[in-house]
Amino acid sequence: MLEINDLHVSVGDRQILKGLNLKVAAGEVAAIMGPNGTGKSTLSYVIAGREGYSITQGEILLNGLNLLDLPPHLRASSGVFLAFQYPVEIPGVACMQFLKAAMNAQRRSRGEDEINTPEFIKRVREESEKLKIHQEMLRRPLNSGFSGGEKKRHEILQMELLKPKIAILDETDSGLDVDALRIVSEGVNRVKDSNNIGIMLITHYTRILRYIKPDFVHVFAAGKIVEAGGA
Ligand code: ADP
Ligand code: MG
């Protein structure tokens, strides 16, 4: 389970997170809702280990492991996954290359052998078909020229392949039409149910919550959770 206690974070001399507490258990969906500019993406970056933030107080634990002690790649191999609000375009790195490197990095950290190419291609094909991602898209550079919906579906493909313990979905629903929203939600539910992972679902809209049922809804304002309750 992910457990965040009394987290205080600032950028420069500006304090953004101000004593945030949150628990997300395995197999549980926690929806995080709140106005723009209140620190939701900051929270997701701090969990993933993006540089540039100073954590002045508090702790972030994943199954008892103190994530703040670890560099980003070890947080990832410990089971943290972040689907970006704004996935970055990386010209020069093909999607398939990126996906394989990410999967192998995780396998290595678990002491497993690298995935062989035929098995890798088979898995990517299976998962991408469920997400209605065209094979042609996977031959292109990472996120380059992808539509908003394609970028978001590609984030979920990564989640399906990496099978994290905790997945943070930062406004994965924004900019999706109804069909893409359904496809993405089904993907999230598949991974959640088959691997018992915890989901932190950051969103502005209730429509995704019709497809991905939250166990708890947390209201985020001014750098902390101010209210929580059931769906
Ligand atoms: P949300 O995701 O809830 O919309 P963010 O976490 O993106 O909010 O941003 C929270 C606040 O922190 C915003 O006012 C934003 O401008 C500020 N902020 C975030 N990152 C930085 C940064 N690197 N430098 C300066 N201000 C930042
Ligand atoms: Mg945000």
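Can you walk me through helix α4 (residues 117-130) in this structure?
Since the α-helix turns once every 3.6 residues, residues separated by three or four places project in the same direction. Look at α4: 20 Å from first C-alpha to last across 14 residues, which is about the 20 Å you get at 1.5 Å a residue. For α4, the secondary structure elements touched by its buried residues are α3 (95-109), α5 (135-138) and α6 (148-162). Positive backbone phi, at 55°, marks lysine 132, one or two positions downstream of α4.

What is the right way to read the packing of α3 against α4 from this model?
When two helices pack together, their arrangement is given by the angle between the helix axes and by the axis-to-axis distance. Relative orientation of the contacting elements α3 and α4 amounts to 110°, with a least axis distance of 11 Å. Accordingly, the angle class assigned to the pair α3 and α4 is roughly perpendicular. As for how α3 packs across α4, the hand of that crossing is right-handed. Residues Met96, Leu99, Lys100, Met103 and Arg107 of α3 form the contact with α4, whose participating residues are Thr117, Glu119, Phe120, Ile121, Arg123 and Val124.

Quick question: what am I supposed to make of the pairing of strand β11 (residues 216-221) here?
Across four bridges, the pairing between strand β3 (residues 29-33) and β11 is parallel. What sits directly across from isoleucine 32, in β11, is histidine 218. As paired elements, β11 and strand β12 (residues 224-229) share five bridges and run antiparallel to each other. Note that in β12 the partner of histidine 218 across the bridge is alanine 228. Adjacent in sequence and paired antiparallel, β11 and β12 are bridged by two residues, among which alanine 222 carries a positive phi angle near 50°.

About the cut-offs
Residues numbered from 1 in each chain as written. Chains lettered and ligands numbered in written order. Predicted model: local features only at pLDDT ≥ 70, side-chain atom pairs only at ≥ 80, totals over all residues. Heavy atoms only, no water. Helix = DSSP H or I, 4+ residues; strand = E, 2+ residues; numbered from the N terminus. Expected span 1.5 Å × (residues − 1). Contact = heavy atoms within 4.5 Å. Axes fitted to C-alpha atoms, helices over the stretch in contact; angles between N-to-C directions. Parallel < 35°, antiparallel > 145°, perpendicular 65-115°, else oblique. Left-handed = near helix turned anticlockwise from the far one by under 90°. Pairing = 2+ DSSP bridges.

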